[in-house]
Amino acid sequence: MKKFRVINPDYEISYDKTIIDDLRFKNLDVVLSCFLCNPPKSKNEGLYYRIIKSKHGTCIQCIAFWHRQWFPYHIHDYHPFYIYLDDDKHVKFILIDDGHHYSKKIFIDKKKLGSSIRISFFLPDHGLTDRLNFGRVFKPNFIPLKPRQIINWWVINNMAQLKLRTKLVDPYKDGLIPENIPKQDSLIYRLNHISNFNLIARSENTLRYTFRDEVVCPVCNQLINSLDFIPVHKDQKSNHLYLKKEMKCKNGHQFIIKYNFQKAKIEYID
Ligand SMILES: [Zn+2]
Ligand SMILES: [Zn+2]
């Protein structure tokens, strides 16, 4: 397991269900619902969670896991949301997977006690939104997100691989938490993320913030967003697994990247 960094070494992991408390916090109840899709209820499906303590406060990382997504069809579907608490266990803000693992920040009023928020998984892709007030409310199975589980998902050598890497290791990592509420805070904004064509002008969207890793082209510095599946390789000498992929930026520069599991870092290979 030492061959894999699953957490920033300055942080601490716990699975304390009294902190989770069915997502009922001092200042906020988080209600989950599903719209036009089913809750993750089959065997081993559910809400995988872990609680990370650091000097920044507490972050509850949740990944909703389904065995399959029907449209577009693929096996293993993971959609994250993270709940950030202050030292008194008040929710400060929530990050949701706003389609294609882009992150959307939802600010929470710390003083408004007894409020609730509904987070819906919707349509067959299971992306999240806080903009729907209908759908089927469900109580998830909370399953501890243990290091072994993360590693098993990371080393799947096909599209079912868990593509959340560095920002799972560090929920305070640059590029994850948007500073502001998105300007176009609407369902159209989210549909833009998941469609191949723009329903509204793309310039209105802040696509910079994502739960996935990004890589910068070493030639032109162009950012390549949301790194997808990366093939698994084994180092012959050390037997350590790593991920490696040839990349191409929009300007046509080709380069090779490696995801180093020990360092939880993307490296370039010459
Ligand atoms: Zn999905
Ligand atoms: Zn380039």
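Residues numbered from 1 in each chain as written. Chains lettered and ligands numbered in written order. Predicted model: local features only at pLDDT ≥ 70, side-chain atom pairs only at ≥ 80, totals over all residues. Heavy atoms only, no water.

**Q** Would you take a moment to explain the coordination of the zinc ion (ligand 1) for this structure?
**A** All of the protein donors around the zinc ion (ligand 1) are Gln-69 (OE1), Asp-77 (OD), Asp-77 (OD), His-79 (NE2) and Asp-125 (O); their distances to the metal are 2.0 to 2.3 Å. Going along the chain, you hit the donors of the zinc ion (ligand 1) in the pattern Q-x7-D-x1-H-x45-D. Of the two residues, Gln-69 and Asp-77, neither departs from the other in class, the shared state being buried. (Donors = N, O, S within 2.8 Å, 3.2 Å for Na, K, Ca; no water. Buried < 20%, exposed > 50% of the residue type's maximum accessible area, 1.4 Å probe, protein only.)

**Q** Looking at this model, I keep getting lost on the domain arrangement of the protein chain. Mind explaining?
**A** Note on interface size: it is often stated as the accessible area lost on association of the parts. If you check the domain split of the protein chain, you get domain 1 (12–192) and domain 2 (213–269). Of the residues lining the interface, 15 residues belong to domain 1; the matching set on domain 2 comes to 15 residues. Where domain 1 abuts domain 2, roughly 1300 Å² becomes buried across the two surfaces, and 53% of that area is made up of carbon and sulfur atoms. Ranking the residues of domain 1 by area buried against domain 2 places Asn-157, Arg-165 and Thr-166 at the top, with a combined share of 37%. Seen at the junction of domain 1 and domain 2, the total is 3 salt bridges. Asp-213 serves as the salt-bridge partner of Arg-165, at 3.9 Å between the closest nitrogen and oxygen. Element by element, the count of residues in the side of domain 1 that touches domain 2 is highest for helix α3 (residues 166–169), at 3 residues. Of the residues assigned to the side of domain 1 that touches domain 2, the class counts are 6 nonpolar, 6 polar and 3 charged. (Domains from an automatic or database assignment. Contact = heavy atoms within 4.5 Å. Buried area = accessible area lost by both parts, 1.4 Å probe. Salt bridge = Lys/Arg side-chain N within 4 Å of Asp/Glu carboxyl O. Helix = DSSP H or I, 4+ residues; strand = E, 2+ residues; numbered from the N terminus. Nonpolar A, V, L, I, M, F, W, Y, C, P; charged D, E, K, R; others polar.)

**Q** Is there a simple way to explain a nonpolar patch on the surface in this structure?
**A** Judged by side-chain polarity, Trp-70, Phe-71, Tyr-73 and Ile-75 come together as a nonpolar surface patch covering roughly 530 Å² of accessible area. Structurally, Tyr-73 can be placed in the loop between β4 (57–69) and β5 (74–85). (Patch = residues over 30% accessible without salt bridge, like charges linked within 9 Å, V, L, I, M, F, W, Y side chains within 5 Å. Areas by Shrake-Rupley, 256 points an atom, 1.4 Å probe, with all protein chains shown as cover.)

**Q** Just checking my understanding: could you explain the sheet that holds strand β17 (residues 265–269) for this structure?
**A** By way of backbone hydrogen bonds, the strands of a sheet pair with one another, either parallel or antiparallel. Overall, antiparallel pairing links the 4 strands, which are arranged β14-β15-β16-β17 in an open sheet. For this open sheet the edge positions go to β14 (232–234) and β17, each flanked by a neighbour on one side alone. Going across the sheet, the axis of each strand differs from the next one's by a mean of 40°, ignoring polarity. Both β14 and strand β15 (residues 241–248) contribute to a ladder of 3 bridges, which runs antiparallel. From the neighbouring strand, Val-232 faces β15, where its bridge partner is Leu-243. (Pairing = 2+ DSSP bridges. Axes fitted to C-alpha atoms, helices over the stretch in contact; angles between N-to-C directions.)

**Q** Is there a simple way to think about the coordination of the zinc ion (ligand 2) in this case?
**A** Working reference: metal with six octahedral donors, ideal angles 90 or 180 degrees; metal with four tetrahedral donors, ideal angle 109.5 degrees. Coordination sphere of the zinc ion (ligand 2), protein contribution only: Cys-217 (SG), Cys-220 (SG), Cys-249 (SG) and His-253 (ND1), at 2.1 to 2.3 Å. Every donor counted, the 4 donor atoms about the zinc ion (ligand 2) form angles of 100 to 116° at the centre, which fits tetrahedral coordination. Binding-site remark: the zinc ion (ligand 2) is held by donors from one chain whose sequence spacing is C-x2-C-x28-C-x3-H. With Cys-220 in the loop between β12 (215–216) and β13 (223–224) and Cys-249 in the loop between β15 and β16 (254–260), this pair connects stretches of sequence that are 29 residues apart. (Tetrahedral: all angles 85-135°; square planar, octahedral: opposite > 155°, others 65-115°.)

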